Structure formats: structure tokens, C-alpha cells
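Given next are the chains, with one letter for each unit.
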Amino acid sequence: MFATRALRQAAAHAERTPLIRFIGKREIPSNVDHSPHPHPASPTGSLPTNFGQGSGNSHASFSSYRDSAQQHGPLRKSLGASPASKLGPVEAAKGQYFDRNDLPQRFRRTPLTAAEIEAIESGGAAYI
């Protein structure tokens, strides 16, 4: 019992060095290069040939992406300038679905049975 007290007192007065070592003061860089560049581990060491030309899923800037993006309707820069009814119909592309209930029956959730509901509500302890 006294040994523990002595160890605690010795530990309180001992010089403690933290296990983590900080490199130095953090600084915000004055300029950051946001230009695209290939990943260091890429096999070719270069960007795709059509990168940034606006074809396919590639866009030259976030602004150009935002102009063509669609999430439950077109995302325009002047959002709210016109009523939603004038934006046109919102339909998913072929093979894409907005809701799970639009999927074929085999991909939908199966409804819970009365026994499963009872097991959930009781905590399941009685059904081991």
C-alpha cells in the first residue's frame, strides 16, 4: 500500500516527456496548387488523355460540373429563381432508381412477419 503511494509521488515529481513529438509550428501555405496531377503510384504516370475536356464524367471545373449536375432535378446557379414546376420532369436514367420500391420485386425488402416483429419488440431474449 505504501509502495503505491511512493510510486505515485515519485511519478508526480518526475520529468515527464510526451510520447508524441511535434515537428514544429503549423503554418497555412501561402499558395496551394489545385491543378490536377496523376497519383504517384499510377502505372502510366500521366492523366487520362481526355481529362478536363468536358467529355463523359470529366469536367474542367466545379462550376461546369455544377451546371450539368442533377439531383432530383437540375441544379442551376439561380436556384429558386423559377418555380420547380417549370424545371421539367424528374426522371431517373435507365437502370437507375430514386426509390427502393421502384426496383424489381427481388431487390425489395421483404415484409416482416408477426413472429419477427414480436422478437424485435421483446428484445429477442425469449426466442433463443
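Everything quoted here is computed from the prediction, not taken from an experiment.

The rules we used
- Throughout this description, residue numbers start from 1 for each chain and increase along the sequence as written.
- pLDDT decides what is reported in this predicted model: residues at 70 or higher carry local features, side-chain atom pairs at 80 or more are listed and counted, and totals for whole chains, interfaces and linings draw on all residues regardless.
- Only hydrogens and water are set aside when side-chain values are computed; all heavy atoms of the structure are taken into account.
- Where helices and strands are cited, they refer to DSSP runs of H or I of at least four residues and of E of at least two residues respectively, numbered from the N terminus.
- In what follows, a contact means two residues having at least one pair of non-hydrogen atoms within 4.5 Å.
- To measure how exposed things are, a 1.4 Å probe is used in the Shrake-Rupley method; for residues, cover is taken only from the protein chains shown.
- What a helix should span is 1.5 Å times the count of its residues minus one.
- Exposed residues in this analysis have more than 50% of their type's maximum accessible area, buried residues have under 20%, and partly exposed residues fall in between, with area computed by a 1.4 Å probe over protein chains only.
- Residues enter patches when their relative accessible area tops 30% and they take part in no salt bridge; the joining distance is 9 Å for like charges and 5 Å for the nonpolar side chains Val, Leu, Ile, Met, Phe, Trp and Tyr.
- Should a side-chain nitrogen of Lys or Arg be within 4 Å of a carboxyl oxygen of Asp or Glu, the pair is scored as a salt bridge.

For the protein chain, the helix and strand inventory stands at three helices and zero strands. Across the protein chain, every contact between residues at least 6 apart in sequence was considered, and the portion connecting residues at least 24 apart equals 3%. Total accessible area on the protein chain is roughly 12500 Å²; 55% of this is exposed by carbon and sulfur atoms.

For helix 1 (residues 2-13), built from twelve residues, the straight-helix expectation of 16 Å at 1.5 Å per residue is met to within 8% by its first-to-last C-alpha distance of 17 Å. Counting buried positions along helix 1 gives zero out of twelve residues, so the element sits mostly on the surface.

To continue, consider a nonpolar patch on the surface. Together, Leu112, Ile117 and Ile120 give the surface a local cluster of nonpolar side chains, amounting to about 290 Å² of exposed area. With respect to the helices and strands, isoleucine 120 occurs in helix 3 (residues 114-122).

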